[in-house]
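# Coordinate analysis (summary)
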Amino acid sequence: GLGVTSMANGTYSVDQYTPLITVLLACNVVAVNGFFMLSGYFHSNFKIRKVVEFLFMAVFYSVIGYFILIAFDVSDFSARHLGRIVLLGFKSYWFLIVYIVIYSFSNYINKLFLSLSDDEFKKYIITFTVFNVLLGFLLESKSYGSPLSVVPMLYSYSIGYAVHRFDMSNKVSRWISV
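We now turn to the structure provided with this report.

Thresholds applied
- Residues numbered from 1 in each chain as written.
- Predicted model: local features only at pLDDT ≥ 70, side-chain atom pairs only at ≥ 80, totals over all residues.
- Heavy atoms only, no water.
- Helix = DSSP H or I, 4+ residues; strand = E, 2+ residues; numbered from the N terminus.
- Buried < 20%, exposed > 50% of the residue type's maximum accessible area, 1.4 Å probe, protein only.
- Contact = heavy atoms within 4.5 Å.
- Areas by Shrake-Rupley, 256 points an atom, 1.4 Å probe, with all protein chains shown as cover.
- Axes fitted to C-alpha atoms, helices over the stretch in contact; angles between N-to-C directions.
- Left-handed = near helix turned anticlockwise from the far one by under 90°.
- Nonpolar A, V, L, I, M, F, W, Y, C, P; charged D, E, K, R; others polar.
- Parallel < 35°, antiparallel > 145°, perpendicular 65-115°, else oblique.
- Phe/Tyr/Trp six-rings, centres within 6.5 Å; stacked < 30°, edge-to-face > 60°.
- Lys NZ or Arg CZ within 6 Å of the ring centre and 35° of its normal.
- Salt bridge = Lys/Arg side-chain N within 4 Å of Asp/Glu carboxyl O.
- Patch = residues over 30% accessible without salt bridge, like charges linked within 9 Å, V, L, I, M, F, W, Y side chains within 5 Å.

### Some details on the overall build of the protein
Looking only at helices and strands, the protein has eight helices and zero strands in total. Along its sequence from the N terminus, the protein presents helices and strands in the succession α-α-α-α-α-α-α-α. Here the protein, with 178 residues, has 30% of them falling under the buried criterion. Relative to all contacts within the protein whose residues are 6 or more apart in sequence, the contacts with residues 24 or more apart total 67%. When the accessible surface of the protein is split by element, carbon and sulfur atoms take 69% of a total near 11600 Å².

Next comes the structure, spelled out in structure tokens:
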């Protein structure tokens, strides 16, 4: 197998990582943050239909992922396990819950951001950056939550919003291409 015993339920041990799984998990972290940034960039607005589509898509890809794990002999097929993925899979995938929370408040978040002047919004981003770095990374504060919680993902949403608001997309793409 690939050295991962509990891929489907989201519990891992560092000792279990193989290079392939390490790369996949790193890509997952980048993808999730990028997803929140894109939502902020495009000023997502709450619609119940979109939540249902999002949940359906998550379940669909979870089932596909489960069958891939079976194909690579990482997991054995179990109707019970498949049922848990379909019915309760979102419980293991923290980003679904966090995204639904942020998405549910996106209309209000966007209105708040629009009400701020450019200088106020820049101060907000700077303050949030300091807060995020100090509490989240340097102090590893328990009150902050984990990097996989609402606060850091709201930060990613805010950064995406800022990139759009200040038309930084061309500047960022030029910086990345260097």
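### A word on the packing of helix α6 (residues 118-138) against helix α7 (residues 150-165)
Axes are the key here: two packed helices are described by the angle between their axes and the distance separating the axes. Closest axis-to-axis distance for the α6/α7 pair is 11 Å, and the angle between their directions is 145°. For the crossing formed where α6 meets α7, the hand is left-handed. Across the interface between the two elements, Asp-118, Phe-121, Tyr-124, Ile-125, Phe-128, Thr-129, Phe-131 and Asn-132 of α6 pack against Val-151, Pro-152, Leu-154, Tyr-155, Ser-158, Ile-159, Tyr-161, Ala-162 and Arg-165 of α7. Across the contact of α6 with α7, the residue classes tally to twelve nonpolar, three polar and two charged.

### Structural notes on the side chain of Ser-44
When you line up the elements, Ser-44 lands in the loop between α1 (19-41) and α2 (48-71). Once you skip the residues sitting within four places of it in the chain, Ser-44 turns out to touch Ser-39, Tyr-99, Tyr-103, Ser-106, Asn-110 and Tyr-157.

### With respect to the packing of helix α5 (residues 106-115) against α7
Contact geometry for α5 and α7: axes closest at 12 Å, N-to-C directions at 50°. With respect to each other, α5 and α7 are oriented oblique. Crossing hand, α5 versus α7: right-handed. Here α5 contributes Ser-106, Ile-109, Asn-110, Phe-113 and Leu-114 to the contact with α7, which in turn contributes Leu-154, Tyr-157, Ser-158, Tyr-161 and Arg-165. Of the residues that constitute the contact of α5 with α7, the class distribution is six nonpolar, three polar and one charged.

### Notes on the packing of aromatic side chains
Evaluated as defined, the whole model comprises 20 aromatic pairs. Ring plane angle 65° and centroid distance 4.8 Å describe the contact between Phe-113 and Tyr-161, whose orientation is recorded as edge-to-face. With Phe-113 in helix α5 and Tyr-161 in helix α7, this pair connects stretches of sequence that are 48 residues apart. What makes Phe-113 buried here is its relative accessible area of 1%. Here the aromatic rings of Phe-128 and Phe-131 are separated by 6.2 Å at their centres, their planes lie at 55°, and the arrangement is tilted. Separated by three residues within a single helix, Phe-128 and Phe-131 lie in helix α6, roughly one turn from each other. One aromatic cluster is present, built from ring pairs that chain together Phe-113, Phe-121, Tyr-124, Phe-128, Phe-131, Tyr-155, Tyr-161 and Phe-166. Between the NZ or CZ atom of Lys-122 and the centre of the ring of Phe-166, over which it lies, the distance is 5.2 Å.

### What about the pattern of salt bridges?
Think of it this way: side chains of opposite charge can pair up when their charged atoms draw near. Taken as a whole and judged by the stated rule, the model has three salt bridges. For Glu-53, the salt bridge is made with Arg-49, and the minimal N-O distance between the two is 2.7 Å. Of the two residues, Glu-53 and Arg-49 both sit in helix α2, four residues apart, roughly one turn of that helix. Where Glu-53 meets Lys-50, a salt bridge forms, and the shortest distance between an N and an O atom there is 4.0 Å. Of this pair, Glu-53 and Lys-50 both sit in helix α2, three residues apart, which is roughly one turn of the helix. You can call Glu-53 partly exposed: its relative accessible area is 38%. Connected through salt bridges with shared partners, the residues Arg-49, Lys-50 and Glu-53 form a single ionic network.

### A short note on a nonpolar patch on the surface
On the surface, Phe-56, Met-57, Phe-60, Tyr-61, Ile-64, Ile-68 and Phe-72 cluster together to form a nonpolar patch covering roughly 760 Å² of accessible area. Within the secondary structure layout, Phe-56 lies in helix α2.

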